[in-house]
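# Structural features, examined
What follows is each chain in one-letter form.
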Amino acid sequence: DGGITQSPKYLFRKEGQNVTLSCEQNLNHDAMYWYRQDPGQGLRLIYYSQIVNDFQKGDIAEGYSVSREKKESFPLTVTSAQKNPTAFYLCASSSSLAGVVDTQYFGPGTRLTVL
Amino acid sequence: RKEVEQDPGPFNVPEGATVAFNCTYSNSASQSFFWYRQDCRKEPKLLMSVYSSGNEDGRFTAQLNRASQYISLLIRDSKLSDSATYLCAVTPGNTPLVFGKGTRLSVIA
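Parameters at a glance
Residues numbered from 1 in each chain as written. Chains lettered and ligands numbered in written order. Predicted model: local features only at pLDDT ≥ 70, side-chain atom pairs only at ≥ 80, totals over all residues. Heavy atoms only, no water. Helix = DSSP H or I, 4+ residues; strand = E, 2+ residues; numbered from the N terminus. Buried < 20%, exposed > 50% of the residue type's maximum accessible area, 1.4 Å probe, protein only. Contact = heavy atoms within 4.5 Å. Lys, Arg positive; Asp, Glu negative; His and termini not counted. Charge placed at Lys NZ, Arg CZ, Asp CG, Glu CD. Buried area = accessible area lost by both parts, 1.4 Å probe. Salt bridge = Lys/Arg side-chain N within 4 Å of Asp/Glu carboxyl O. Polar contact = N/O pair within 3.5 Å; in protein donor to acceptor, adjacent residues only side chain to side chain. pLDDT = per-residue confidence, 0-100. Pairing = 2+ DSSP bridges. Axes fitted to C-alpha atoms, helices over the stretch in contact; angles between N-to-C directions. Phe/Tyr/Trp six-rings, centres within 6.5 Å; stacked < 30°, edge-to-face > 60°. Lys NZ or Arg CZ within 6 Å of the ring centre and 35° of its normal. Core = buried A, V, L, I, M, F, W, Y, C linked by side-chain atoms within 4.5 Å.

## A word on the overall build of chain B
Secondary structure summary: chain B contains 0 helices and 11 strands in total. Reading the helices (α) and strands (β) of chain B from amino to carboxyl end gives β-β-β-β-β-β-β-β-β-β-β. Counting the 109 residues in chain B, one finds 45% classified as buried. In chain B, the proportion of contacts linking residues at least 24 apart, taken out of those at least 6 apart, comes to 56%. Across chain B, the centroid of the 12 positively charged side chains sits 4 Å from that of the 10 negatively charged ones.

Listed below in structure tokens is the structure:
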């Protein structure tokens, strides 16, 4: 089955701890993205990557870090520097950012709660 | 002005009704437009792309008005299963999609 997987589905962490959210895709997509969604809010872009070993900050990158060592994987680390990390985190991918943007497809999301 | 704006709703409509949502965008260079559907506590799923000439998929019709910088989604013969939040997404190309906050639709029996 082709698609995007995110794990874990629910994650609880104590304040002051770093945590890494997993995102894997087998769609052979070049571009991958991380968004954050808060209740009643839209999607806000955290980081995106157009190609392996390259990534760019989105609108709310502070307190987050990413890596793109493999085409199919784009993990997101929520660091202790992120002031309000409790949110729904969505990973997405698309075939390319070049030219007209192809549709972005989303994983099922990880719901992070900081206790 | 926000890049992409939507009426948050909620729109409460009876089954069988026709309902329309608009989404305005500020970047006149925008090239690609999409409507997504998001169910409660789930990920957004692509509903349809929006083409310059307008496009239809069953009960759903999407239109683009470049002059006034908005896209619209029309749902005919609403079903209970249409209840969800509808997000519009826009990009000028070479940058990630920018999403609106969504419009919540409740279809009532």
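## Looking at the interface of chain A and chain B
The interface is formed by 23 residues belonging to chain A together with 21 residues belonging to chain B. Taken together, the two surfaces of chain A and chain B that pack against each other cover about 1,700 Å², and 55% of this comes from carbon and sulfur. For the pair chain A and chain B, the interface holds 0 salt bridges. Linking chain A with chain B are 5 residue pairs in polar contact (both at pLDDT 80 or more).

## What about the confidence of the model for chain A?
Summary statistics for chain A give a mean pLDDT of 91 and a share of 94% for residues scoring 70 or more. When pLDDT is averaged over each element of chain A, strand 7 (residues 64-66) of chain A comes out on top at 97 and strand 2 (residues 10-13) of chain A at the bottom at 92.

## Some points on the pattern of salt bridges
All names here are of chain A. A full pass over the atoms with the stated rule returns 7 salt bridges over all chains. Asp 30 is paired through a salt bridge with Lys 71; the nearest N and O atoms lie 3.4 Å apart. Note that Asp 30 is positioned in the loop between strand 3 (19-25) and strand 4 (31-37) and Lys 71 in the loop between strand 7 and strand 8 (76-78), a separation of 41 residues in sequence. Through salt bridges with shared partners, a single network forms among Arg 36, Asp 38 and Arg 44.

## Considering the pairing of strand 5 (residues 44-49) of chain B
All names here are of chain B. Of the strand pairs in this sheet, strand 4 (residues 32-38) and strand 5 are connected by 5 bridges, and their pairing is antiparallel. Note that in strand 5 the partner of Gln 38 across the bridge is Pro 44. Between strand 4 and strand 5, which follow one another and run antiparallel, lie 5 residues, and Arg 41 among them has a positive phi close to 65°.

## Some words on the sheet that holds strand 1 (residues 4-7) of chain A
All names here are of chain A. Across the sheet, which stays open at both edges, the 4 strands sit in the order 1-3-8-7 with antiparallel pairing between neighbours. The open sheet has two edge strands, strand 1 and strand 7, and neither has a second partner. Pairwise comparison of adjacent strand axes, ignoring direction, gives a mean angle of 20° for this sheet. Note: strand 1 against strand 3, 4 bridges, orientation antiparallel. Paired with Ser 7 across the bridge in strand 3 is Ser 22.

## Let's talk about the packing of aromatic side chains
Inspection of the entire model under this criterion finds 12 aromatic pairs over all chains. Centroid distance Tyr 25 of chain B to Phe 33 of chain B: 5.1 Å. Interplanar angle 50°. Geometry classified as tilted. Taken together, Tyr 33, Tyr 35, Tyr 48 and Phe 106 of chain A together with Tyr 36 and Phe 99 of chain B form an aromatic cluster joined through their ring pairs. Its guanidinium or amino end placed over the ring of Phe 74 of chain A, Arg 68 of chain A lies 6.0 Å from that ring's centre, counting from NZ or CZ. Residue placement shows Arg 111 of chain A over the ring face of Phe 88 of chain A; its charged tip is 4.0 Å from the ring centre.

## Quick word on the nonpolar core
Residue and element names in this part refer to chain B. Within the largest apolar cluster, 23 residues are counted, with the highest numbers of intra-cluster contacts made by Phe 21, Trp 35, Ile 71, Leu 73, Ile 75, Tyr 86 and Leu 105. When contributions to this core are tallied by element, the ones reaching two or more residues are strand 3 (19-25), strand 4, strand 7 (60-65), strand 8 (70-75), strand 9 (84-91) and strand 11 (103-108). Ignoring any residue separated from it by four or fewer positions in sequence, one finds Ile 71 in contact with Phe 21, Asn 22, Cys 23, Phe 33, Phe 34, Trp 35, Val 50, Gln 63, Leu 64 and Cys 88.

## Thoughts on the environment of Tyr 10 of chain A
Looking at the secondary structure, you find Tyr 10 of chain A in strand 2. Exposure remark for Tyr 10 of chain A: the relative accessible area of 46% places this residue in the partly exposed category. Residues Tyr 10 of chain A and Gly 109 of chain A, 99 residues apart in the sequence, show an inter-C-alpha distance of 8.7 Å. Among all residues touching Tyr 10 of chain A, those that are not within four sequence positions of it are Arg 111 of chain A together with Arg 41 of chain B.

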